[in-house]
Amino acid sequence: MSMGGDSPDTQKSPRTSRACDRCRRQKLKCDSSRPCVLCTRAGHECETSQRAARRARRRNGSRDLHRPSRVHKSIAPAISKGSPATPLASVVAESYTTESSTSYPENSPKEPQSGANASAIDFARRVFNEAEAGRTLTGASIPGDTGAPQLDNSLWHLTEVELPPEDVMLALIDAYFDRMQWFVMLFHEPSFQQTARRILSRTSWRRQDLSPTMAVLAVAMIGLQCVLPDQKWSGHKLLLHYSIDGTKLIHNLVNEIRLHLLEISIDCRIEAVQACYLVSSYYVYHNSPSIAWTVSGMAVRSAYALDLYTKSSRCDDPVMDEIRSRCWNHAIVGDTFTSVIYGRPSCIDTGLVALHTLKDMDDLMIDPILLNNDIIPNDMRQTTTAGFFEAKYEIYNIIRHILSRFRRLQLRKERMEEDLATIAEASQDSEEQLICWRKRVPRLFDFEVWSQENRLELFHQQIENLPPRAKVQAEIIILQAACLQLTYDGALIQACRPLLEQKITNVCSEYVVNAMCRSLRTATTAALRISRIPVLQFKHHFAESFASLQQFTAGVILCISPTSQPFSAIAHEAKAGVMRIIHASTAFGANNRIAKQTAQLLTDLLKVTIEREMSSALRGGPNYSRDVPDSSVNSTAQQMPLNLLEPQSPSCHNMPSSLLPASITGEPRRSNHFPGISEQIHRSGAAIQPSFEASECPSANIFEQLDDTFGAFGELMFNLIPDDQSSAWNWGRTFP
């Protein structure tokens, strides 16, 4: 026997691009001989399908052309068009050198190979060497074993609901994809429709069909929830024809899904993630937010169990691979959203995992009718709506980073100057990240672009003569643009809240007071933009509750200015904005629980705000100067009812480079001119800011009044979950 045969070089089996089917399934290192060594040792037949061979050749041929997954742009500074190319890895590293000890991955990770990432059962498999032993350690009986459990495949049937006829269920599924899929993308519509028809053609199913059946029921339930209050929905005739009570049907569908939630979690299939997120979405807006919190956590756990955070090489089906990417991206979005509204830490650590890049699938294609005419300008045309979802995923990743940064701050119980400066710095950095994101939003989904030059009104006129499906898609594009605008403005408010919630006094430095003024200015401007978005276009879409939630937050912010700057122009515009939000919330009707509660709470808050504004003015408060002529005060007060009901005409005044309170600068207060809020979007990427005069900027001690406002309504401001005992609004106050 030659000694050379024992050398390390000869012992290592060469890699081959044509792995056999068994080695490929088990992710074993195959060799080029047939039968391969591993199959021979295990006593298994060694086969290599042609499909696997073609896929291997295609993968090898395109390896050099493969683009890396999307970098988290939320942490990369904007690069000007004329600037030289910068390696993305260095950009990411530089942007987080001073902010965080946690760096975000550039690419979606592949399956973990290191021992640190392996479970105990995976380690045992490697030691055991399944290939040589000829058997596998599966069965999901040991903690950490993600193998498929042995399930009884007997027949089962529904117990809590009697399914309506197939044509009714298909109509509800169509309603879901018209009114939910554009907002939350969990499915691939053509493949889901095919699965739904297979499921609905039966009245009893095998155990292996439990998870897809629950996904079908969840989709139908959400679709029915959207269209039930819409009297224009054509499916009402079907419900009437079959004598179906829509409200009762929703209740029964939810009960049936709840009955099987644990079972579909045991199955650990992609439908477990989808069904849990849909049930959570229903509960958070329409029933019990406490249950929504728990079920959304089940969805995250299922996503982790399925390794959705990796781009799996074991997934042979490109459609299934894309569905995995969509579900994982929404897992990050949904986890961030629940962290915001509940005020609790998130469950997903994006320091270890990344968003997945979406592919231009067939269900994202924009109707050629919209692209082949002048309805959409040339500089705004895109072939798919993937740009909307990518922008949405990115901004939620930014929000996640913002929340994490504020929660990591180690502040003292007694607010010190250094602590306030730290909050101010974090708030300003967060605002800059959001502004950089906004510059990257595709023009097709930029609501401010649509709002310019009367473009939105012309667009609605032009689509009236389009075929129904093309018209619906055109309207959805506008909804997607408005959704991004709401998310952006809501994120700006979230970034400003921690500073606005702090108590400051006259002993604070000029930097802190200026930062407070800047945060109030930014939050107020964002809230005014939210108040002017035509949110009624969301009516009877699932996103209408999301829009109402953003409007509620904006309405509370707008109630600060009248208290701190009584009878100023910004105070009048703020009150007019609150009135717009109240009217819009009332117009949503009683079926929208969030909108109904928004109208009630903001009405009460506005009454208190007006009383405080009047009291502050009569007392000659610190921001209401004695040298203001009585005639000016009286004329302003007389115009107040009109200003409450009518929006103010925006004026475009230049913003001073440094905004200082009058108590610091010592400048005389001007009485005759109160500029309004500028809504102009600077295409250069500058922040959208109101044109405050120095006389309108509140002095340091006026911010003490903010604590009264937040204290009186704090528990209701951002906490629309009345059955939850924890305060969801005060994550900015929870520092030790």
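Residues numbered from 1 in each chain as written. Predicted model: local features only at pLDDT ≥ 70, side-chain atom pairs only at ≥ 80, totals over all residues. Heavy atoms only, no water.

Peer 1: Any chance you could explain the overall build of the protein here in plain terms?
Peer 2: Within the protein, the secondary structure is distributed over 30 helices and two strands. In the protein, which comprises 736 residues, the proportion classed as buried is 54%. Within the protein, residue pairs in contact and separated by at least 24 positions form 75% of the contacts whose partners lie at least 6 positions apart. Per element, the accessible surface of the protein, about 33,300 Å² overall, is 52% carbon and sulfur. (Helix = DSSP H or I, 4+ residues; strand = E, 2+ residues; numbered from the N terminus. Buried < 20%, exposed > 50% of the residue type's maximum accessible area, 1.4 Å probe, protein only. Contact = heavy atoms within 4.5 Å. Areas by Shrake-Rupley, 256 points an atom, 1.4 Å probe, with all protein chains shown as cover.)

Peer 1: Any chance you could explain the packing of helix H19 (residues 417-439) against helix H23 (residues 510-532) here in plain terms?
Peer 2: To characterise two packed helices, one gives the angle between the axes of the helices and the distance between these axes. Between H19 and H23, the least distance of the axes is 10 Å, while the angle of their chain directions is 35 degrees. As for how H19 packs across H23, the hand of that crossing is left-handed. In contact with Glu 417, Leu 420, Ala 421, Ala 424, Glu 425, Ser 427, Gln 428 and Glu 431 of H19, H23 contributes Tyr 511, Val 512, Ala 515, Arg 518, Ser 519 and Thr 522. Looking at side-chain class alone, the contact of H19 with H23 contains six nonpolar, four polar and four charged residues. (Axes fitted to C-alpha atoms, helices over the stretch in contact; angles between N-to-C directions. Left-handed = near helix turned anticlockwise from the far one by under 90°. Nonpolar A, V, L, I, M, F, W, Y, C, P; charged D, E, K, R; others polar.)

Peer 1: Honestly, the pattern of salt bridges in this entry has me stumped. Any pointers?
Peer 2: In the structure shown here, the tally under the stated rule is 22 salt bridges. Across the salt bridge formed by Asp 363 and Arg 326, the nearest N and O atoms sit 2.9 Å from each other. Pair noted here: Asp 363 is in the loop between helix H16 (318-342) and helix H17 (368-371) and Arg 326 is in helix H16, with a separation of 37 residues, a long-range link. In this structure, Asp 489 engages Arg 529 in a salt bridge whose closest nitrogen and oxygen atoms are separated by 2.4 Å. With Asp 489 in helix H22 (residues 468-500) and Arg 529 in helix H23, this pair connects stretches of sequence that are 40 residues apart. Comparing Asp 489 with Arg 529 shows no difference in burial state: the two are buried. Each of Arg 198, Arg 202 and Asp 209 takes part in a single network of salt bridges with overlapping partners. (Salt bridge = Lys/Arg side-chain N within 4 Å of Asp/Glu carboxyl O.)

Peer 1: Help me out: how do you make sense of unusual backbone geometry in this one?
Peer 2: Peptide bonds are mostly trans, and most non-glycine residues show a negative phi. A positive phi angle is found at Asp 307, which is not glycine, with a value near 55 degrees. Looking at where Asp 307 falls in the secondary structure, it is placed in the loop between helix H15 (289-305) and H16. Not every positive phi belongs to a glycine, and Glu 453 is a case in point at roughly 55 degrees. Position of Glu 453 among the secondary structure elements: in the loop between helix H20 (447-451) and helix H21 (455-462). Taking the relative accessible area as the measure of exposure, Glu 453 reaches 66% and is therefore exposed.

Peer 1: What is the right way to look at the environment of Ser 32 in this model?
Peer 2: Position of Ser 32 among the secondary structure elements: in the loop between helix H2 (21-26) and helix H3 (37-42). Considered as a pair, Ser 32 and Cys 20 are 12 residues apart in the sequence and their alpha carbons are 9.0 Å apart.

Peer 1: How should I be thinking about helix H10 (residues 210-227) in this particular structure?
Peer 2: Since the α-helix advances by 3.6 residues per turn, residues separated by three or four positions end up pointing in the same direction. Between its first and last C-alpha, H10 extends 26 Å over 18 residues, near the 26 Å set by a 1.5 Å rise per residue. By the criterion of burial, H10 is predominantly enclosed, with 18 of the 18 residues buried. (Expected span 1.5 Å × (residues − 1).)

Peer 1: What is the right way to read the environment of Ser 302 from this model?
Peer 2: Note on placement: Ser 302 falls in helix H15. We classify Ser 302 as buried; its relative accessible area is 6%. Excluding anything up to four places from it in sequence, Ser 302 contacts Ala 272 and Val 273.

Peer 1: Just to check I follow, could you spell out the packing of aromatic side chains for this structure?
Peer 2: Aromatic ring pairs are reported here in terms of the distance separating the ring centres and the angle at which the planes meet. Applying the stated criterion to the full structure yields 22 aromatic pairs. Here the aromatic residues Trp 182, Phe 183, Tyr 285, Phe 337, Phe 538, Phe 542 and Phe 546 are joined through ring pairs into a cluster of three or more. The aromatic ring of Trp 293 is capped on one face by Arg 344, whose charged end is 4.6 Å from the ring centroid. One Lys or Arg, Arg 438, reaches over the ring of Tyr 488 and ends 5.6 Å from the middle of that ring. (Phe/Tyr/Trp six-rings, centres within 6.5 Å; stacked < 30°, edge-to-face > 60°. Lys NZ or Arg CZ within 6 Å of the ring centre and 35° of its normal.)

Peer 1: Got a minute to help me understand the packing of H10 against helix H12 (residues 246-259) in this structure?
Peer 2: Contact geometry for H10 and H12: axes closest at 9 Å, N-to-C directions at 150 degrees. On the basis of their axis angle, the class for H10 and H12 is roughly antiparallel. As H10 packs across H12, the resulting crossing turns out to be left-handed. Across from Met 214, Leu 217, Ala 218, Ala 220, Met 221, Leu 224 and Gln 225 in H10, the residues of H12 making contact are Gly 246, Leu 249, Ile 250, Leu 253, Val 254, Glu 256 and Ile 257. Residues of the contact of H10 with H12, tallied by class, amount to 11 nonpolar, two polar and one charged. (Parallel < 35°, antiparallel > 145°, perpendicular 65-115°, else oblique.)

Peer 1: When you look at the environment of Asn 378 in this model, what are you seeing that I'm missing?
Peer 2: For Asn 378, the location among the structural elements is in the loop between H17 and helix H18 (386-408). Measuring from C-alpha to C-alpha, the distance between Asn 378 and Leu 444 comes to 10.0 Å, with 66 residues separating the pair along the chain. Polar side-chain contacts of Asn 378 include one of 3.4 Å to the side chain of Arg 381. (Polar contact = N/O pair within 3.5 Å; in protein donor to acceptor, adjacent residues only side chain to side chain.)

Peer 1: Explain the confidence of the model for the protein here, please?
Peer 2: Close reading of the predicted structure is inappropriate where its pLDDT is low. Considering every residue of the protein, the mean pLDDT works out to 75; 65% of them sit at 70 or more. Ignoring residues within four places in sequence, the model shows residues 56-104, a span with pLDDT below 50, making 57 contacts including any to other chains. Across residues 621-736, where pLDDT falls below 50, the model places 244 contacts with residues more than four positions away in sequence or in other chains. (pLDDT = per-residue confidence, 0-100.)

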